[in-house]
Amino acid sequence: MSDHYSCALITGASAGLGEEFAFQLAPRVHKMVLVARREERLAVIADRLRERFPHVAVAVFSADLTLPSHREQLVDLLEQRGFIPDLLVNNAGMGDYGEFANADWDKLDAMLQLNITALTHLTHALLPHMMNRGYGAVVNVSSLASLLPIPDFAVYAATKAYVTSFSEALRIEAREYGISVLAVCPGPVHTEFGEVARQNGGDSDMPGREWFYVDKEQVVAESISALDADKARVYTGWQVAAAAVLISAVPLVLLRLILGTRPRRG
Ligand SMILES: NC(=O)c1ccc[n+]([C@@H]2O[C@H](COP(=O)([O-])OP(=O)(O)OC[C@H]3O[C@@H](n4cnc5c(N)ncnc54)[C@H](OP(=O)(O)O)[C@@H]3O)[C@@H](O)[C@H]2O)c1
C-alpha cells in the first residue's frame, strides 16, 4: 500500500486527534480537506498548515455531520472542487458518559448519527472513487471501548463496536480494489472528548488512571505507522495494546463480574 496519498479528508479536524492527524499527514499529501462544525477553528488550523506545509492545498468545510443534508453537500462540494480524497480519516466522534436511563436523547441520537451513520455514509460516498482509481485508504477512528460493553458508556462503546466490526469486514471487501482499511483503537487521550462526554453538563469526570492515557501525538503517529504497514487494527500505546490482549483473553462471564464492580458516579 502507498505511504503517500494525494488528498486526505479528515473529519473532526478542529480539535484533538483530528487536528493532530492533519499535521502529521500534511507532509505526505498535496491536498487536504478539514471538516468539523467550528469553521473559525478550522480556518486557524488551515492557516497554520499552509504556513508549515506550503505545498499542501488546504480546504475547509464546515459541516454538522449528524445531518444527512450537510454530508450530501460536503460530497457534492468535494466533487465540484476536485478534492476527492484517496485517504479518508473518519475521526469525528463523541461520547456520553453516565447511566443510559438519565441520558439526553438528543445527545444519544447525535452520537449514533455521528459515530455510526456519518462514518458509514462518507465511506459509502467516497469509496467508489477510490475503487475507480485502484488505490486509497480508509482510517476509521474506533476505540479500545469497541472490545467490551461498558456500563455508563453503553451507547458509546456499542457505536465503537460497530466501527471496529464494520472496518474489519470492509477491509476484506476493499482490499481486492487496492484499498486499505484501518481501525484505530485508542484508549483514553487528553482531548476535548472528556468534556463533551460529560452527561447533562455535569462535572463528573470519566474514571481513568493517568498512566493509561496516551498522548495524541503518539496515537496519531502509531496510527500512521499502522496504515503504512497495512494493518487491520491498531491499539495505540503499550498499555492499551496490553489491555486489548487481556480483554480478549478474559471469558465474558468473568468480564461481566469485573464490569459489575464499576466505579459509580456520585
Ligand atoms: N479522547 C479519547 O479518550 C478517545 C479515546 C478513544 C477513541 N476516541 C475517538 O477519537 C475520535 C476523535 O476524538 P477526540 O478525542 O479528538 O475528541 P475531540 O477533541 O472532542 O474532537 C472531536 C472532533 O469531532 C468534531 N465533531 C464533533 N461533533 C461533530 C459533528 N456533529 N459534525 C462534525 N464534526 C463534529 C469536533 O469538531 P466541532 O465541535 O468543531 O464540530 C472535533 O473536531 C473520536 O471518534 C473518539 O470517539 C477518543
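These notes cover the structure that comes with them. None of these values were measured; they are calculated from a predicted model.

### Here's the deal with the site of the ligand
Residues in contact with the ligand amount to 29 residues; listed here are only the nearest, Arg-37, Arg-38, Asn-91, Tyr-156 and Thr-191. Asp-64 places a side-chain nitrogen or oxygen 2.8 Å from a nitrogen atom of the ligand. A distance of 2.9 Å is found between an oxygen atom of the ligand and a backbone nitrogen or oxygen belonging to Val-189. For the ligand, whose accessible area on its own is 870 Å², the fraction buried by protein is 95%. Broken down by secondary-structure element, the contributors of at least two residues to the shell around the ligand are helix 1 (16-25) and helix 5 (154-175). Broken down by class, the residue content of the shell around the ligand amounts to 14 nonpolar, 10 polar and five charged.

### A short note on the pattern of salt bridges
Using the criterion set out here, one finds nine salt bridges in the structure. The closest approach of N and O atoms between Arg-28 and Asp-228, which form a salt bridge, is 2.7 Å. Placement of the pair is Arg-28 in the loop between helix 1 and strand 2 (31-36) and Asp-228 in helix 7 (residues 216-228), with a sequence separation of 200 residues. Salt-bridge contacts for Glu-192 lead to Arg-38; the nearest nitrogen and oxygen are separated by 3.0 Å. Placement of the pair is Glu-192 in the loop between strand 6 (179-186) and helix 6 (193-197) and Arg-38 in the loop between strand 2 and helix 2 (39-52), with a sequence separation of 154 residues. The class for Glu-192 is partly exposed, based on a relative accessible area of 29%.

The rules we used
Residues numbered from 1 in each chain as written. Predicted model: local features only at pLDDT ≥ 70, side-chain atom pairs only at ≥ 80, totals over all residues. Heavy atoms only, no water. Near = heavy atom within 4 Å. Polar contact = N/O pair within 3.5 Å; in protein donor to acceptor, adjacent residues only side chain to side chain. Areas by Shrake-Rupley, 256 points an atom, 1.4 Å probe, with all protein chains shown as cover. Helix = DSSP H or I, 4+ residues; strand = E, 2+ residues; numbered from the N terminus. Nonpolar A, V, L, I, M, F, W, Y, C, P; charged D, E, K, R; others polar. Salt bridge = Lys/Arg side-chain N within 4 Å of Asp/Glu carboxyl O. Buried < 20%, exposed > 50% of the residue type's maximum accessible area, 1.4 Å probe, protein only.

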